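A structural walkthrough
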Amino acid sequence: LGNIVVTSRCNLSCWYCFFFAKSGDKIYEPTLEQFRQMFKTLRAEKPIATNAIQLTGGEPTLREDLIDIIQLAREEGFQHVQLNTNGIRLANDPTLAKKVREAGVNTIYLSFDGVTAKTNPKNHAEVYRAIDNCRKAGLGIVLVPTLIKGVNDHQIGRIIKFATDNIDVIRGVNFQPVSLVGRMPKTERERMRITIPGAIKKIEKQTNGEIDAKDF
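Residues numbered from 1 in each chain as written. Predicted model: local features only at pLDDT ≥ 70, side-chain atom pairs only at ≥ 80, totals over all residues. Heavy atoms only, no water.

Re the overall build of the protein chain
- Broken down by element type, the protein chain carries eight helices and eight strands.
- For the protein chain, the C-alpha radius of gyration of 18 Å lies close to 17 Å, the compact-globule estimate for 216 residues.
- Across its three principal axes, the protein chain shows a C-alpha extent of roughly 50 × 40 × 40 Å.
- As presented, the protein chain carries roughly 11,600 Å² of accessible surface, and 52% of it is formed by carbon and sulfur atoms.
- The average position of the 31 basic charges and that of the 24 acidic charges among the side chains of the protein chain differ by 4 Å. (Helix = DSSP H or I, 4+ residues; strand = E, 2+ residues; numbered from the N terminus. Rg over C-alpha atoms; globule rule 2.2 N^0.38 Å. Areas by Shrake-Rupley, 256 points an atom, 1.4 Å probe, with all protein chains shown as cover. Lys, Arg positive; Asp, Glu negative; His and termini not counted. Charge placed at Lys NZ, Arg CZ, Asp CG, Glu CD.)

Quick word on the pairing of strand β1 (residues 2–5)
- Along β1, the buried face is formed by G2 and I4; none of N3 and V5, which line the opposite face, is buried.
- Bridging between β1 and strand β2 (residues 52–56) involves four bridges; their strand directions are parallel. Along β2, the bridge assignment pairs I4 with L55. (Buried < 20%, exposed > 50% of the residue type's maximum accessible area, 1.4 Å probe, protein only. Pairing = 2+ DSSP bridges.)

Examining helix α4 (residues 96–103)
- Among all positions in α4, only L96, A97, V100 and A103 are buried. Each buried residue of α4 lies within a common arc of 135° when the element is viewed along its axis, so the set occupies one face. (Arc of directions from axis to C-beta.)

Quick notes on the environment of A49
- Structurally, the position occupied by A49 is in the loop between α1 (32–43) and β2.
- Separated by 29 residues in sequence, A49 and F78 place their C-alpha atoms 9.3 Å apart.
- Leaving out residues up to four positions away in the same chain, A49 has contacts with L42 and R43. (Contact = heavy atoms within 4.5 Å.)

Some words on the environment of S13
- You can see S13 is positioned in the loop between β1 and α1.
- Each C-alpha atom, one on S13 and one on G58, is 9.6 Å from the other, the two residues being 45 residues apart in sequence.

Some points on the side chain of N86
- Here N86 shows up in the loop between β3 (80–85) and α3 (88–92).
- A polar side-chain atom of N86 sits 3.0 Å from the main-chain amide nitrogen of I88.
- Sequence-distant contacts of N86, that is, excluding residues within four places in its chain, are made with C10, N11, L12, E59, L110, S111 and N123. (Polar contact = N/O pair within 3.5 Å; in protein donor to acceptor, adjacent residues only side chain to side chain.)

Focus on the packing of helix α2 (residues 66–75) against α4
- Running from N to C, α2 and α4 cross one another at 25°; their axes reach a closest spacing of 8 Å. Comparing their axes, α4 and α2 come out roughly parallel. Crossing hand, α2 versus α4: right-handed. On α4, the residues that touch L66, I67, I70, Q71 and R74 of α2 are K99, V100 and A103.
- Split by residue class, the contact of α2 with α4 holds five nonpolar, one polar and two charged. (Axes fitted to C-alpha atoms, helices over the stretch in contact; angles between N-to-C directions. Parallel < 35°, antiparallel > 145°, perpendicular 65-115°, else oblique. Left-handed = near helix turned anticlockwise from the far one by under 90°. Nonpolar A, V, L, I, M, F, W, Y, C, P; charged D, E, K, R; others polar.)

Section: the packing of aromatic side chains
- A complete count under the given rule lists five aromatic pairs for this structure.
- Look at F112 and Y128: their rings are 6.1 Å apart centre to centre, the planes differ by 90°, and that puts the pair in the edge-to-face class. Placement of the pair is F112 in the loop between β4 (107–111) and α5 (124–137) and Y128 in helix α5, with a sequence separation of 16 residues.
- Among the aromatic residues, those joined into a ring-pair cluster are F35, F39 and F78.
- The positively charged end of R43 is found above the aromatic ring belonging to F78, 5.8 Å away from the centroid. (Phe/Tyr/Trp six-rings, centres within 6.5 Å; stacked < 30°, edge-to-face > 60°. Lys NZ or Arg CZ within 6 Å of the ring centre and 35° of its normal.)

Quick word on the sheet that holds β2
- Taken in spatial order, the six strands make up an open sheet running β1-β2-β3-β4-β5-β7, and their pairing is parallel. Since the sheet does not close on itself, it has two edges, and those belong to β1 and β7 (170–173), each with one partner. On average, each strand axis in the sheet is inclined to that of its neighbour by 25°, with strand direction left out of account.
- In the sheet, β2 pairs with β3 via four bridges, with the strands oriented parallel.

The structure is reproduced here in structure tokens:
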């Protein structure tokens, strides 16, 4: 899977995220010609050309030429195009899900940190409308929760249950333990850090063994 940053702009400023331009930072946004060259480089890889790509950010849907970028990826031969997004514009523009699907997106990689406003404050007000708009457009979704110990790790089972309740549009859940970097004090890192094995144990416990640790 190739990963291409579409823009460093974002309409959110989540405290744990380092993938967006802070105030005063230079905005990173490749031109269409630069995208073409990056796509060609990935497609020319040996011995196997990259056939899947994720468009990420920042927030990719902030680019007005996003449809052109998606179509360009398809033109260059990518069989699978994933769009990484917080879903806010997908919620507020009922036509966008259909547009990106018709342009060539296979899967929406949707930020979804929890099933309540407390655990998912960044897009709780919009995410369910985004999911419904994707459902109407026939566009599949992978939920992507950033797991943070003491913040949302108690909702792992409920996130999985939400996904299975909406299995007609949600294809899977990709749990991502938070990456605590930068100047965060050691005590804070230790308090919020969650490991992959730790997350797997919580999955087993919070699904009452329906998903077993041995399944991984």
